[in-house]
Structures are given as C-alpha cells and as structure tokens.
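Chain by chain, the residues:
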Amino acid sequence: MLRLIETLPAEHAAPRSQTSATYARLKADILAGKIDPGEKLKINDLAAQLSVSPGAVREALSRLVPEGFVVSRDQRGFTVAPISIDDLLDLTRLRCDIEEIALRRSVAEGDASWEAAVLSTAHRMRRTPRIIDETPNLDWLAQHEAFHRALVNGAESPRLLALNSQLYQQLERYRLLAWNVDRTRDVDAEHQELVDAALDRDANSLVAAARAHFERTATLIVGVSRANPDTAAG
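Residues numbered from 1 in each chain as written. Predicted model: local features only at pLDDT ≥ 70, side-chain atom pairs only at ≥ 80, totals over all residues. Heavy atoms only, no water.

Asker: How would you sum up the sheet that holds strand β3 (residues 77-80)? Please name residues and give values.
Answerer: Taken in spatial order, the three strands of this open sheet run β1-β3-β2, and their pairing is antiparallel. Each having just a single partner strand, β1 (40-41) and β2 (70-73) make up the two edges of the open sheet. Where β1 lies against β3, two bridges are found, and the strand directions are antiparallel. Residue L41 lies in a different strand from β3, and its bridge partner there is F78. (Pairing = 2+ DSSP bridges. Helix = DSSP H or I, 4+ residues; strand = E, 2+ residues; numbered from the N terminus.)

This is the structure in structure tokens:
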C-alpha cells in the first residue's frame, strides 16, 4: 500500500523540538526586523549562533519558505524574503479579500462564544499599552493578533483561517516600518468600530471597517517608505 507521507530516516532528521525552536526563533527575528530583508541565511553560522544542529536550521528554513518569509534559490542557499511597496500593496489587497470572506462567514456562522472571544480579546488589547520605553510593546502586538484572529474565528474553515493568519504575519514585517507614524492614529476607535459591527452582526459594516483599517496601515507604510527609502520598503 502506498504511503502518502514518508519520514526521513532517524539519522538524517533533526530532533523535532530543536527544529521547532529554531523555526520559531528565526521567524520571530524576521518579523521583528532583526534579520534584514534580502540577508543571506548561512546554515552553519545560524547553527553555531543558536546552538543547534545544521539539520535543524535547514529544516526550519525550509518551513519558512512556503510561508513567504524565506526564499530558497538553487545553489545559492536561503535568504530572507525581500520587501517592497508592490509586495505590500499586493499583500494588503489579498488580505482584504480573504478577510472579507472570513468575516462574512464569521458573522453567519459564529455563535455566542465567538462574540465573547471578540469582546474579551478587544478588552485585553485595550488594557495593554502599545508603547513601553518608546518602543513597540510585544505583548500588545500579540494581543492585536489575537483580536484580529478572534474576529475571523467564527468561520468554520481551518484552511481559510490558516491562509488569513499567514497573510497577517507576512504583513507584520511591514507594520513596524510605520510604527512611529501609526502611533498618531486612534487605533482604539478603529478596533471598537470592528467590535461594534461584529456584535451587531452587520457584515457589510464589518468588512468596510476592516478594509479601511488595513488600507490605512498600508498607506502609512508607503508614506514612510517614500520618505525614508534607505530604511523602509523600496
């Protein structure tokens, strides 16, 4: 009988915990901008830096390729995926389209527990400071992601939610570029508008508010990029 999933022999496979930890660390560093877009990722150097095996690094990087964070080129190894205004705008358009599908399904399919999750994540996010010592608060960023995930989690489609999450995280690479400008926005009001529309089960208002929310972020990032071409997306 044909086996659809085959595993590497044990002697060739990196320990799963090592690979997972390496994957999480590299992804976090890319999202935070600690590793520059376009930077070459040298397996042996990363293995020494992270105190893991080269196999764990190679597997972790391979997992990041289909997620769009790392690029693999024949005979040239791995590099951090580049960023650009065109990519940002394309991601934003696709995020808006996928988000619309997920939000409409959440409104139609979400139950009382979905409403409760939207309320509780919004409350935790609102109670968490966005800035600590003039730098982005990582706890707020996590609460922000949890809130946006809660809005779409009423949709009964794991594949749709996985795609939505992937697009969210890819856009996080760009979000910090506009952080200082973004601080002038009344994001609490924008998020409350999303909460109100969700609880009212007003799909059209929810989709419109979400699209405006995402597009406003993209506009700010493009503005920062064009004003600072050496430090932002080109």
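Still more to cover.
Asker: Report on helix α6 (residues 138-152), specifying residues and quantitative values.
Answerer: Residue pairs spaced three or four apart in an α-helix point in one direction, given the helix's 3.6 residues per turn. Compared with the 21 Å implied by 1.5 Å per residue over 15 residues, the 22 Å span of α6 between its first and last C-alpha is a close match. Here α6 has its buried residues at W140, L141, H144, E145, A146, F147, H148, A150, L151 and V152. Capping the start of α6 is the job of one residue whose side-chain oxygen sits 3.0 Å from the backbone nitrogen of D139: N137. (Expected span 1.5 Å × (residues − 1). Buried < 20%, exposed > 50% of the residue type's maximum accessible area, 1.4 Å probe, protein only. Polar contact = N/O pair within 3.5 Å; in protein donor to acceptor, adjacent residues only side chain to side chain.)

Asker: Now, about unusual backbone geometry: what can you tell me, with residues and values included?
Answerer: In the Ramachandran plot, S51 falls in the positive-phi region, its phi being about 60 degrees despite a non-glycine side chain. Position of S51 relative to the elements: it lies in the loop between α2 (43-50) and α3 (54-64).

Asker: So, the confidence of the model for the protein chain: which residues are in play, and what are the values?
Answerer: With 87% of its residues at a pLDDT of 70 or more, the protein chain shows a mean pLDDT of 87. Segment residues 1-14 is flagged for pLDDT under 50; beyond a separation of four residues in sequence, or across chains, it makes seven contacts in the model. (pLDDT = per-residue confidence, 0-100. Contact = heavy atoms within 4.5 Å.)

Asker: Any chance you could break down the nonpolar core for me, citing the residues and the numbers?
Answerer: Taken as a class, soluble globular proteins show a tendency for nonpolar side chains to be buried jointly. L103, V118, F147, L151, L194 and L206 are the most contacted members of the largest nonpolar core, which has 37 residues in total. When residues of this core are traced back to their parent elements, those giving at least two are α4 (85-109), α5 (112-126), α6, α7 (158-175), α9 (187-199) and α10 (203-227). Apart from the residues lying within four places of it in its own chain, the contact partners of L103 are L151, V152, L206, V207 and A210. (Core = buried A, V, L, I, M, F, W, Y, C linked by side-chain atoms within 4.5 Å.)

Asker: How would you explain the packing of α6 against α7 if you had to name every residue and give the values?
Answerer: Close contact between α6 and α7 brings their axes to 11 Å; oriented N to C, the two are set at 150 degrees. As summarised for this structure, α6 and α7 are arranged roughly antiparallel, according to the angle between their axes. For the pair α6 and α7, the crossing hand works out as right-handed. For the pair α6 and α7, the contacting residues are L141, H144, E145, H148 and V152 in the first and L161, N164, S165, Y168, Q169, E172 and R175 in the second. Partitioned by chemical class, the residues of the contact of α6 with α7 number four nonpolar, five polar and three charged. (Axes fitted to C-alpha atoms, helices over the stretch in contact; angles between N-to-C directions. Parallel < 35°, antiparallel > 145°, perpendicular 65-115°, else oblique. Left-handed = near helix turned anticlockwise from the far one by under 90°. Nonpolar A, V, L, I, M, F, W, Y, C, P; charged D, E, K, R; others polar.)

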